Amino acid sequence: MTIDPEGEAPFKVAIVGAGITGISLAIGLQARNVPFAVYERARSFREVGAGIGLSENAERAMTAVAPSVREAFEKVAMPNGEDYFQWVDGFNTDRLIFRLHVGDNGFRGCRRSDFLEELIKVLPEGTVKWGKELRSIEEDSPDGRTTLVFKDGTDARADIVVGCDGIRSRVRQLLLGEQDPASHAGYTHKYCFRSLAPMDEALKAIGPYRASTRFMYNGPDAHIITYPVAEGSVLNIVVFVTDTNPWHPNSEGESNAENSGNNITTISTGGRNVTHTGKGSREGALSALEGWHPTARAIAGLLPTGDIEKWAVFDMLDHPAGSYARGTTCLAGDAAHAAGPHLGAGAGFGIEDAVFLATLIAQAADGVKADGPEGKGELGTRKNELASEALRVYSDVRYERTQWLIGATRDAVALFQWQKDDRGADHDRFAREITRLFHKIWHYDLDLEVKQARAKLAGRLT
Ligand SMILES: Cc1cc2nc3c(=O)[nH]c(=O)nc-3n(C[C@H](O)[C@H](O)[C@H](O)COP(=O)(O)OP(=O)(O)OC[C@H]3O[C@@H](n4cnc5c(N)ncnc54)[C@H](O)[C@@H]3O)c2cc1C
């Protein structure tokens, strides 16, 4: 569908950030004929090849935001080896602890970069503006529109601004104030080593069955995840380690404008940008797995030699934002509610956010059209009121679930790393608790929630 960005439609939406959340929202708005532009600080599409899994709630959200999002995923999704998450005692026995059914062909993996590349193809040429790093937002223009000012000195105007700019969100800082602790994510005292190992090497290390499907290895103060991606040509490996120390960044500096998404390199803490990765090594990972079963150690042995990056896991548990919306600006995806990766839900929640935002913004746009040029009061003011209501409803309906995820993710990692009082000994308890957490994520009645959100907005618009 072609959109006239300056045409008659009542709202133009500026989306800051071309990650999964921002691009899903853009496609959702396109499908509902709401004009938009995406402003992304990277100069071109450039992504790390990290693996990602998307659960059934995420797939339902893809279809709801626009069928083309689901189609993009289908092009890159890797069929499951088996439709189960399987947890192994990685420390003592290398034996299975528990299998959780993920649904038929549920929680398929893909390379995040492959998915994003397919998603971006859905958008009309020129709607993603590359090399646009947001610096500030000015809201005092006479027509009620917002001006976005970019690092390169250019600016753009919009009626609604949605910050989809990730865990280090600039929009979040501008919305809440840089000195507000809620503007900055905090260290979860976990870091990880990640790698995509060639499948022939993986097969030698762990054999065909373990390499064919997702496995997780639990143990004291660390855990490992492995699953095949890219049509089974590589094995995605993540080794998570608990760190009792505060995060010690290597250096301080400017945020790296080329980085995007999972490629977390710097983060703002206390108003400063501090390095968010440290140097590590395969030997470091192996020493965190001292005394573990040889299989777990063989997986860590697949990490590259030499210096490798270790990635700190940050989240927004300690200082949550009180709301995701203020006026005609709001936050979505990791910018609003970044959680650790341990329940594999962040991207799916970003797509869910996109469904609500696209739906509610389109509904508010219909409200403006219904008012007509002679509408209630000054059009700029009325437009802003309707836009603000849509964003407020979005924040209200998404807040509880998305905030829950952050704490639930901390609980999950404590289960994996034997940090609960039973130190991993009670397998039934593990099965019960982990099932409850995943099921709450997966079994979400999106249609019902969207319907209720629409009704809530309709109530406020009358
Ligand atoms: C190791 C790991 C494994 C994970 N596994 C899973 C999984 O299996 N399943 C799952 O659902 N989730 C997973 N996640 C979480 C998931 O990756 C994130 O929740 C998701 O990518 C967030 O998407 P986003 O679009 O909100 O933000 P991001 O992907 O961070 O995108 C933000 C975008 O904004 C841009 N940007 C930032 N600042 C500015 C600015 N000032 N101006 C303009 N642009 C800007 C960035 O360059 C970037 O492109 C994992 C995360 C990690 C770290």
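Position labels on residues start from 1 in each chain and follow its written sequence. Only residues with pLDDT of at least 70 are given local features in this predicted model, and only at 80 or more are side-chain atom pairs given and counted; all residues enter the totals for whole chains, interfaces and linings. Side-chain numbers here rest on the full set of heavy atoms in the structure, without hydrogens or water.

Participant: Any details on the nonpolar core? Residues and values, ideally.
Facilitator: Within the largest apolar cluster, 81 residues are counted, with the highest numbers of intra-cluster contacts made by I23 and F115. Ranked by residue count, the leading element in this core is helix α10 (residues 346-371), at 13 residues. Sequence-distant contacts of I23, that is, excluding residues within four places in its chain, are made with A18, V38, L116, L119, I120, L123 and V128. Residues grouped as a nonpolar core are buried Ala, Val, Leu, Ile, Met, Phe, Trp, Tyr and Cys residues, joined through side-chain atoms within 4.5 Å. Burial classes: relative accessible area under 20% of the type maximum marks a residue as buried, over 50% as exposed, and values in between as partly exposed (1.4 Å probe, protein chains only). Formed by 70 residues, the second largest nonpolar core is a distinct cluster that contains F98, I167, I224 and A296. Helical segments are the DSSP runs of H or I of at least four residues, strand segments are the runs of E of at least two, and each set is numbered from the N terminus. Here, two residues are considered to be in contact whenever any of their heavy atoms come within 4.5 Å of each other.

Participant: An account of the packing of helix α1 (residues 20-31) against helix α4 (residues 112-122) is needed here, citing residue identities and associated values.
Facilitator: Closest axis-to-axis distance for the α1/α4 pair is 10 Å, and the angle between their directions is 25°. Comparing the axis directions of α1 and α4 gives the class roughly parallel. For the pair α1 and α4, the sense of crossing is left-handed. Counted together, I20, I23, S24, I27 and Q30 of α1 and R112, F115, L116, L119, I120 and V122 of α4 form the full contact between these two elements. Under the convention adopted here, Pro, Cys and the residues Ala, Val, Leu, Ile, Met, Phe, Trp and Tyr are nonpolar, Asp, Glu, Lys and Arg are charged, and Gly plus all remaining residues are polar. Looking at the contact of α1 with α4, its residues break down into 8 nonpolar, 2 polar and 1 charged. Throughout, an axis means a line fitted to C-alpha atoms (over the contacting stretch in the case of helices), and angles, computed between N-to-C directions, take values from 0 to 180 degrees. Orientation is classified from the angle alone, with under 35 degrees giving roughly parallel, over 145 giving roughly antiparallel, 65 to 115 giving roughly perpendicular, and any other angle giving oblique. Each helix crossing is assigned a hand: it is left-handed if the near helix lies turned anticlockwise from the far helix by less than a right angle, otherwise right-handed if that turn is clockwise.

Participant: Would you mind going over the sheet that holds strand β2 (residues 36-40) in detail, with residue names and values included?
Facilitator: In sheet architecture, strand pairing relies on hydrogen bonds along the backbone and comes in two forms, parallel and antiparallel. Read from one edge of the open sheet, 6 strands run β7-β2-β1-β11-β21-β20, paired in mixed fashion. Of all the strands in the sheet, the pair left with one neighbour each is β7 (128-130) and β20 (325-326). At least two bridges found by DSSP between two strands is the condition for calling them paired.

Participant: Give a detailed account of the packing of aromatic side chains, specifying residues and quantitative values.
Facilitator: Aromatic pairs are defined between Phe, Tyr and Trp rings, using the six-membered ring for Trp, whenever the two ring centres lie within 6.5 Å; interplanar angles under 30 degrees are classed as stacked, those over 60 as edge-to-face, and all others as tilted. Under the defined criterion, the tally for this structure stands at 20 aromatic pairs. When the ring of Y39 is compared with that of F150, the centres are 4.9 Å apart and the planes differ by 35°; the resulting orientation is tilted. Of this pair, Y39 sits in strand β2 while F150 sits in strand β9 (residues 146-150); the two residues are 111 residues apart in sequence, bridging distant segments of the chain. For Y39, a relative accessible area of 6% puts it in the buried group. Look at Y191 and F193: their rings are 5.7 Å apart centre to centre, the planes differ by 90°, and that puts the pair in the edge-to-face class. Per residue, the accessibility class of Y191 equals that of F193, and both read buried. The residue whose ring lies beneath R214 is Y227, and the NZ or CZ to ring-centre distance is 3.9 Å. Lysine and arginine charges are scored as sitting over a ring when NZ or CZ, respectively, is within 6 Å of the ring centre and within 35 degrees of the ring normal.

Participant: Can you tell me about the confidence of the model for the chain, naming the residues and giving the values?
Facilitator: By definition, pLDDT measures how confident the predictor is in each residue, and it falls between 0 and 100. Considering every residue of the chain, the mean pLDDT works out to 89; 89% of them sit at 70 or more. Taken as a whole, residues 1-6 scores under 50 in pLDDT and shows 14 contacts with residues more than four places along the chain or in a different chain. Predicted confidence is poor over residues 251-272, with pLDDT under 50, and the contacts of this stretch with residues over four places away or in other chains come to 70 contacts.

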